[in-house]
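# Observations on the model geometry
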Amino acid sequence: MRDGPADRGGPRAAWPPVVRPFGDAALLIEVEGESALQRAARVHGIADWIADVCSARDGWGRPVPGAETVLVPFDPVEPGLVAAAARIRDVLETMSPGEVEQLWPDQPRIVEVPVRYGGEAGPDLDGVAASLGLPADDVVLLHASRIYRVLFIGFMAGFAYCGTLAAELALPRRASPRTRVDAGSIVIAGRMTSVMPVDAPSGWHVIGHTSLSVWDPRRDPPGRLRPGDAVRFVPEA
Amino acid sequence: MSSQPGREVREVLEVLDGGLQATIQDGGRRGHEAEGVPRSGAADAVGLAVANLLLGNRPDAAALEATIIGLRVRAVVPVDVALGGADLGAIVEPDTPVRPGTSIRLAAGHVLAVSGRPDGDGPACRAYLAVPGGFDVPVVLGSRSTCLPAGFGGLEGRALRAGDRLRAAGGAAGLRTAPRRLGSQAAANLPSAAQRLRVLPGPASGEGDPAFAGLVSRPWVVAAASDRRGLRLEPADPGAGGHGPSLAPLAAGELPSLGVLPGAIQVTPSGQPLVLMPDSGTTGGYPVVAVVIQADLPLLGQLDPGAEVRFRATTADDARAAAIERRALIASIGSGLS
């Protein structure tokens, strides 16, 4: 499947994006788009653009991409909220959606993630299959047959939100989160999938496990999965 | 790697008991939020600065952050230490009190203990113990702070425990001839958690928003399930539910995840406010109804479970003035030592 932002140059009505204050040391830019992928492309384009023109020397922090937003931190004294908001609105005026989306990789790096599905490696696989009314094999097939893009990193160190999951696999999170999910666990929730970077509590469904290490703070960059990457889950025999 | 010219990295303290929670924290980790890495760092940056400045360190050098009660450390060599932050009843055993805002020479074998805060004081949660040159732990992603949720930074990415041995970057060369004390004027200007925390409306609310109004109109209490990731708040007077607007109208469930920062106040689907702390996740899906201004973040860091907390709406101009004042305070601490 073609996962590039095919609708590049799409609707421009929602441009420039809305800028809202987030306390006295950050702004939140709300980004619209036709699809999760187009929004991700715009979000990362805007974040990269701002990182380029708003330097740490002038009191700017590195922008933080979300699903449909960019958080732009800054020093509360210099520039301070009022000047920061004026500056960011000016910068957004200089961008066009097309230019912004071009910063998203058209030919992404491909990361293959070997996965053991089900059993001890994926304790929720059978429950997920039952909830969805599908055989477990079909859940595996649906999960592994798609190429995902890393939309953004968040929640915890190195946690890559990969989208989008087949609609047939969409489930709310577990009613009671697990207090500990092992690093390397392959998890799904809503229309997203990810790989647990470290041992941590999680309400996502655990359907498999990989031996691939996706997070190591001694590496630079520490995360194996980066925004824009194409991710393929490969079932292990 | 971190020692300054002419200084010697040296083992100075042995941990006998980490107490409730003790970690190494500095001014925090910036610029890695887009990789999911929280800022971490001292929950009370003013307390950190006081402890460091007493020893001539940078205000944001790596110090030990002790929580509420139970920390015990033994000097393995003669070493100067300084305390900042909350008064948690620190003593040199058996019974010599050490107040925050003072430095003291520990002889080899002396034990410094945090025995719990004196009764009757206001909220008090975290004390900072500095050593000359700061603690010598590796810089990971630009900081020496412990990131507990991801298990890196500080000492092996974890809370301190019995048997840990801690090195000072300034070593024995950091020893001073006389203990120092924070000037009374600087001490009087230190933030007090009895103040109301100043907030600005969040991206999910406006000044006249019912959820924002509900937050600032009544007192809250810090719930037990609170830590360096976040403070959960409960109404101080649960019976008075009718006295202020409920936060529930905003609890529309989850939004697409957005970047968040310490000080952001989210509302969970049940209507409970959750104030983000230095180790919080870098993105979140709950609506952000208000954000504590930067100048008041150190106060947040001193709220222990059971503490009462009130919020007060402020303006962008006042927030900036407060941030300038907070910076001036830290500068004055450095120059006002006696």
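Residues numbered from 1 in each chain as written. Chains lettered and ligands numbered in written order. Predicted model: local features only at pLDDT ≥ 70, side-chain atom pairs only at ≥ 80, totals over all residues.

### Observations regarding the overall build of chain A
Summing up its helical and strand segments, chain A has five helices and 13 strands in all. Relative to a compact globule of 237 residues, whose C-alpha radius of gyration would be 18 Å, chain A shows 19 Å and is just as compact. Taking all 237 residues of chain A together, the buried fraction comes to 47%. Contacts spanning at least 24 positions in sequence make up 64% of the contacts within chain A whose residues lie at least 6 apart. (Helix = DSSP H or I, 4+ residues; strand = E, 2+ residues; numbered from the N terminus. Rg over C-alpha atoms; globule rule 2.2 N^0.38 Å. Buried ≥ 20, exposed ≤ 12 C-beta atoms within 10 Å, placed from the backbone. Contact = placed C-beta atoms within 7 Å.)

### Re the interface of chain A and chain B
At the junction of the two partners, chain A supplies 37 residues and chain B supplies 36 residues. Breaking the side of chain A that touches chain B down by element, the ones donating at least two residues are strand 1 (18-21), strand 2 (26-30), strand 3 (64-65), strand 4 (69-73) and helix 2 (80-93) of chain A. A breakdown of the residues in the side of chain A that touches chain B according to their chemical character gives 25 nonpolar, eight polar and four charged. (Nonpolar A, V, L, I, M, F, W, Y, C, P; charged D, E, K, R; others polar.)

### Examining the environment of Ile330(B)
All names here are of chain B. If you trace the backbone, Ile330 turns up in helix 5 (residues 316-335). Separated by 283 residues in sequence, Ile330 and Gly47 place their C-alpha atoms 9.8 Å apart. Apart from residues no more than four positions distant in its own chain, Ile330 is found in contact with Val46, Ala49 and Pro59.

### Considering unusual backbone geometry
Cis geometry is adopted by the peptide bond preceding Pro79(A), which originates at Glu78(A) and carries an omega value of 15°. Within the element layout of this structure, Pro79(A) appears in the loop between strand 4 and helix 2. The step from Gly163(A) to Thr164(A) runs through a cis peptide bond, and the omega angle for that step is -5°. Phi angles above zero are rare outside glycine, and Phe155(A) is one such case at about 70°. Structurally, the position occupied by Phe155(A) is in the loop between strand 6 (148-153) and strand 7 (160-163). Phe155(A) gets classed as buried once you count the C-beta atoms within 10 Å, which come to 23. Positioned with a positive phi, Ile68(B) is a non-glycine residue whose angle comes to about 60°. Within the secondary structure, Ile68(B) is located in the loop between strand 3 (63-67) and strand 4 (71-75). Under the C-beta neighbour-count criterion, Ile68(B) is labelled partly exposed, with 19 such atoms within 10 Å.

### Notes on the sheet that holds strand 3 of chain A
Residues and elements named next belong to chain A. The strand order across the open sheet formed by four strands is 1-2-4-3, and the pairing between neighbours is antiparallel. The open sheet terminates on both sides in strands that have one partner only, identified here as strand 1 and strand 3. With respect to the sheet, helix 2 is in contact with strand 1, strand 2 and strand 4, its orientation differing from that of strand 1 by roughly 170°. (Pairing = 2+ DSSP bridges. Axes fitted to C-alpha atoms, helices over the stretch in contact; angles between N-to-C directions.)

### Quick word on the pairing of strand 17 (residues 273-276) of chain B
In summary, the side chains of a regular strand alternate between the two faces of the sheet. On strand 17 of chain B, burial covers both faces: Pro273(B) and Val275(B) on one face and Leu274(B) and Leu276(B) on the other are all buried. Where strand 16 (residues 264-267) of chain B hands over to strand 17 of chain B, the hairpin turn is made up of five residues, of which Gly271(B) adopts a positive phi near 90°.

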